[in-house]
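Reading the structure
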Amino acid sequence: MWRPEALALIAATCWAVAALFSAPAAQRLGAVAFSRWRMLFASLLLWALAIWGGGWRSLDASAFGLLAVSGVIGIFVGDTALFACMNRLGPRRSGVLFATHALFSLLLAWLFLSESLWGWALVGAGMLVSGVMLAILRGRRNDEDHAWEQTRGRLAVGVSLGLLAALCQSVATLMLKPLMASGIDAVAGSAMRMSTAFGAHALLWLTGWSQARARLAMRWREAGQVFGSAAIAMALGMTLILQAMKLGQAGVVAILSSVTPIVVLPLLWLVYRRRPAWGAWVGATLAVVGTALILR
């Protein structure tokens, strides 16, 4: 069986990979429409897996309420806020804002779950979070001018959306720690959370709110991007996080899952053939050393 720390790192990689082909589709469709379609695809995929694997049998009525609330907070609100932030600030800067969910999670796990880090694990956590922040804040070269580095709209709104997404991610995952420890199947739990979030999005669409409508019609290309994002980031990534939360310490899982921006930087290098700035290398080194200290 995989260690929970490894599951968190794999989940972070899933989110990084999905971010690359999520950004174009999110900008074309709009954050709300993109999130709605992504949740629909993820819900269908997760329920198919839960039924095929028999995990749906682990669900009972007592778990529905908590899973539903977690889905609304973490996926409906948090995921939509994250892509609204990405549309305004791009993957790099939205990444540094979303990475603060590790700090939120540490604080909340200490306050409500009586979890704490000591010794080398605490030193490693500090190095990892510092490395992630440094890599993103100083990971841009001075001559970077591609579309993902532009600010659209007010900067303050983008920053607020990123922090909201981070807080929602922390609250929604930590509140499930006791439930996951009771033996709920991670795939079935993800399916329930995703379905609730999609239901909330569907209700929002039915209200006729203009921002819930797609900016442009979805083409086959965007459909493929949305499905790929749903499969990698939501069906796989979020399920891995729930499984990691089930097996490990919530604060540690949250910290390790925050390395997504570190993984995004080399992926951006591959896409644009441009070497990251010095801050990216130093930050990545700090993150790797910090991870090693946590896992020692």
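In this report, we go over the structure that sits alongside the text. (Residues numbered from 1 in each chain as written. Predicted model: local features only at pLDDT ≥ 70, side-chain atom pairs only at ≥ 80, totals over all residues. Heavy atoms only, no water.)

1. Considerations on the overall build of the protein
Regarding its fold elements, the protein presents twelve helices and zero strands. Counted from the first residue to the last, the protein has its helices and strands arranged as α-α-α-α-α-α-α-α-α-α-α-α. Its C-alpha atoms give the protein a radius of gyration of 18 Å, within 12% of the compact-globule value 19 Å for 296 residues. Projecting the C-alpha coordinates of the protein onto the three principal axes gives extents of approximately 50 × 50 × 30 Å. Residue burial in the protein is summarised as follows: out of 296 residues, 54% are buried. A sequence separation of at least 24 residues applies to 91% of the contacts in the protein between residues at least 6 apart. A total accessible area of about 13,100 Å² is found for the protein, and carbon and sulfur atoms account for 69% of it. (Helix = DSSP H or I, 4+ residues; strand = E, 2+ residues; numbered from the N terminus. Rg over C-alpha atoms; globule rule 2.2 N^0.38 Å. Buried < 20%, exposed > 50% of the residue type's maximum accessible area, 1.4 Å probe, protein only. Contact = heavy atoms within 4.5 Å. Areas by Shrake-Rupley, 256 points an atom, 1.4 Å probe, with all protein chains shown as cover.)

2. Description of the packing of helix 2 (residues 31–53) against helix 8 (residues 186–206)
Running from N to C, helix 2 and helix 8 point in directions that differ by 145 degrees, and their axes come no closer than 8 Å. For helix 2 against helix 8, the interelement crossing comes out left-handed. Of helix 8, the residues touching helix 2 (which contributes Val32, Ser35, Arg36, Met39, Leu40, Ala42, Ser43, Leu46, Trp47, Leu49 and Ala50) are Val187, Ala188, Ser190, Ala191, Met192, Met194, Ser195, Ala197, Phe198, His201, Leu204 and Trp205. Across the contact of helix 2 with helix 8, the residue classes tally to 17 nonpolar, five polar and one charged. (Axes fitted to C-alpha atoms, helices over the stretch in contact; angles between N-to-C directions. Left-handed = near helix turned anticlockwise from the far one by under 90°. Nonpolar A, V, L, I, M, F, W, Y, C, P; charged D, E, K, R; others polar.)

3. Let's talk about the environment of Phe21
The residue Phe21 is located in helix 1 (residues 4–29) in this model. Assessed through its relative accessible area of 23%, Phe21 is described here as partly exposed. Separated by 201 residues in the primary sequence, Phe21 and Glu222 place their C-alpha atoms 9.1 Å from one another. The contact partners of Phe21, leaving out residues within four places of it in the chain, are Gln225, Gly228, Ser229 and Ile232.

4. So, the nonpolar core
Among the nonpolar cores identified, the biggest contains 71 residues, and Phe34, Ile75, Leu128, Met194, Met234, Ile255 and Ile294 are the most heavily contacted of them. Every residue in contact with Ile294, bar those within four places of it in the chain, is listed here: Ala121, Gly124, Ala125, Leu128, Val252, Ile255 and Leu256. (Core = buried A, V, L, I, M, F, W, Y, C linked by side-chain atoms within 4.5 Å.)

5. Digging into unusual backbone geometry
A negative phi holds for most residues other than glycine; trans holds for most peptide bonds. Despite not being glycine, Ser114 has its phi angle at roughly 60 degrees, a positive value. Residue placement: Ser114 occurs in the loop between helix 4 (101–112) and helix 5 (119–137). We classify Ser114 as exposed; its relative accessible area is 68%.

6. Considering the environment of Gly162
Along the chain, Gly162 falls in helix 6 (residues 155–174). A sequence separation of 83 residues divides Gly162 from Asp79, and the C-alpha atoms of the two residues are 9.8 Å apart. In this structure Gly162 touches Cys85, Leu97 and Phe98, once residues within four positions along its chain are discounted.

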